[in-house]
Amino acid sequence: MCGIVGIVSTSNVNQSLYDALTVLQHRGQDAAGIVTFQDERFFLRKDNGLVRDVFRTRHMRRLVGNVGIGHVRYPTAGSSSSSEAQPFYVNSPYGITLAHNGNLTNAEDLSNDLFRTDLRHINTNSDSEVLLNVFAHELQKLGKLDPTKEEIFSAVRAVHKRCRGAYAVIAMITGYGIVGFRDPNGIRPACYGVRKTEDGEEYMIASESVALSAAGFKLVRDIAPGEAVYIETDGTLYAQQCAEDPHLYPCVFEHVYFARPDSIIDQVSVYKARLRMGETLAEKVLRERPDHDIDVVMPIPDTSRTSAMQMAHRLGVKFREGFIKNRYIGRTFIMPGQKMRKKSVRQKLNPIDLEFRGKNVMLVDDSIVRGTTCKEIVQMARDAGARKVYFASAAPPVRYPNVYGIDMPSVNELIAHDRSVDEIGQLIGADWLLYQDLEDLITCVSDVNPDIEGWECSVFTGNYITGDVNAAYLNKLEAARNDENRFQAGGGDSSDSSDNGIIDLYNDED
Ligand SMILES: O=P(O)(O)OC[C@H]1O[C@H](OP(=O)(O)OP(=O)(O)O)[C@H](O)[C@@H]1O
Ligand SMILES: NC(=O)CC[C@H](N)C(=O)O
Ligand SMILES: [Mg+2]
């Protein structure tokens, strides 16, 4: 799940982009990039690493200009090489750069078409480079020296016709402005906001509303599925629906795990959704074991805090912080490679023994995916002296791969795949394992926005709403991206493949 941002400002935009990326860091820890333009030239800095490590003062000084876009990356295609960090650049037409959150499900076909029919060369395995070239080709076809808003919207219309899968995109066209758009199902989030200054109005497009509010922008609204919002360099904004048959099916996993709780996505407050998830979990406890013997409810920090708190409240039992999170370790689920993820759980979470001794503890996590976290945590709770260790997941069992921008490519890596809840409970060593029901999860995020027709829930159901995901595609994805093959291919992990980028087209430089 990457984070994207674009700003049209009345003064230098570099610091606001940097700040926004820092606020979106939870969406991608692998690489970060910013591109700005001034006097018809782009200025780009991108590399592997966290925002604070990628941009030094010397880079920031050179990122000049009032318009720019930025990206934090969590790869779902290609490798973790710095050459696949975003934004991507293409020189023709006009000079376009692009930042993408999501995943195209027909990237391979598109890549072939781009080469054979459109005579374009793709230099990486990133689906985002493909997306940029489709957009560029469609704009070029119109053959205009000065593109108008109609031409830009028409190119987005053509992107919707050719691309399948999930994409929230911000592209910057040299000398003209930035355009943000969402796929026709609105799977990945994007919104925009305005900031009033003495010199005029400034606009920001971003993955999550928290990036806007943190920088003093007021949320105007979400970009609708299929819609494009084009902001010219002078701050004039145009919006147009560019899809023939748009429907809003946002990704429910944003509310479970990805988004920050202080964001509002498609009018739904992530925080409120997580509170409700805690409540429905508590109700399930009361349904299944009305005479339960839970002494204390504990979150597995960070994301499950909100749900665990509300679950304890609803059950009327103590809420305690039994695990303390090392604030210098990032999110473990979005780390590349199982070895690194496993090691990080222990580095990240440490128990306070006295909260466990002799107690029946209910540990709450937002989700169980590979089971890396819960296996370690249950053992840690036992070692700390817990009498019984119960475990609750605020999401239903994750049984199917994700193809829309979450890196869960391989069914065999999912602990719940082909296993019953009892089997999973035994595997993680819990005395009782409880999962949220899917209907309850849907209730937690519904009733706010009538435009939401349904939710993208494929990791729980195996139903892929774009209708183009078949067994052959999933097998290919699994073969290319399961942990083992990815690392054998040599391009998978930014932590151990620091050489990958330096002979690519994009050469890293300090
Ligand atoms: O079953 P697993 O494969 O371990 O994945 C699920 C865990 O990973 C995530 O935590 P993460 O550390 O990424 O982020 P957080 O600090 O926001 O909870 C999520 O919140 C679960 O704790
Ligand atoms: N998580 C994402 O949104 C990834 C974007 C894109 N598919 C990449 O791998 O860079
Ligand atoms: Mg977690």
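Residues numbered from 1 in each chain as written. Chains lettered and ligands numbered in written order. Predicted model: local features only at pLDDT ≥ 70, side-chain atom pairs only at ≥ 80, totals over all residues. Heavy atoms only, no water.

The chain has the name Amidophosphoribosyltransferase in an unreviewed UniProt entry, where Marinobacter orientalis is given as its organism. Per UniProt, the chain carries the Pathway (unreviewed entry) text "Purine metabolism; IMP biosynthesis via de novo pathway; N(1)-(5-phospho-D-ribosyl)glycinamide from 5-phospho-alpha-D-ribose 1-diphosphate: step 1/2." Check the Catalytic activity (unreviewed entry) section of the UniProt entry for the chain; it says "5-phospho-beta-D-ribosylamine + L-glutamate + diphosphate = 5-phospho-alpha-D-ribose 1-diphosphate + L-glutamine + H2O". (UniProt positions renumbered as here; feature names shortened; annotations may be inferred.)

Asker: Which parts of the structure should I look at to understand the domain arrangement of the chain?
Answerer: A common way to express how large an interface is: the accessible area buried when the components associate. Per the domain assignment, the segments of the chain are domain 1 (3-247) and domain 2 (274-325 + 346-448). The C-alpha centroid of domain 2 is placed 36 Å from the C-alpha centroid of domain 1. With 10 residues of domain 1 at the contact, the number on the domain 2 side is five residues. With both sides pooled, the region where domain 1 packs onto domain 2 buries about 620 Å², and carbon together with sulfur makes up 58% of that total. Looking at the side of domain 1 facing domain 2, the largest losses of area belong to Tyr-74, Thr-76 and Arg-188, adding up to 50% of the total buried there. Across the domain 1-domain 2 interface, the total number found is zero salt bridges. For the pair domain 1 and domain 2, the number of links is three residue pairs in polar contact (both at pLDDT 80 or more). Among the secondary structure elements, those contributing two or more residues to the side of domain 1 that touches domain 2 are strand S6 (96-104) and strand S7 (165-173). (Domains from an automatic or database assignment. Contact = heavy atoms within 4.5 Å. Buried area = accessible area lost by both parts, 1.4 Å probe. Salt bridge = Lys/Arg side-chain N within 4 Å of Asp/Glu carboxyl O. Polar contact = N/O pair within 3.5 Å; in protein donor to acceptor, adjacent residues only side chain to side chain. Helix = DSSP H or I, 4+ residues; strand = E, 2+ residues; numbered from the N terminus.)

Asker: I keep staring at the site of ligand 2 and nothing clicks. Help me out?
Answerer: Taken together, 15 residues lie around ligand 2, and Arg-73, Tyr-74, Asn-101, Gly-102 and Asp-127 are the ones closest in. Between Met-1 and ligand 2, the recorded distance is 2.8 Å, taken from a backbone N or O atom to a nitrogen atom. Take Ala-77: an N or O atom from its main chain is 3.3 Å from an oxygen atom of ligand 2. Isolated, ligand 2 exposes 300 Å² of accessible area, and the fraction of that covered by the protein chains is 100%. Contributions of two or more residues to the shell around ligand 2 are made by S6 and helix H5 (127-141). The element best represented in the shell around ligand 2 is S6, accounting for four residues. Of the residues assigned to the shell around ligand 2, the class counts are five nonpolar, eight polar and two charged. (Near = heavy atom within 4 Å. Areas by Shrake-Rupley, 256 points an atom, 1.4 Å probe, with all protein chains shown as cover. Nonpolar A, V, L, I, M, F, W, Y, C, P; charged D, E, K, R; others polar.)

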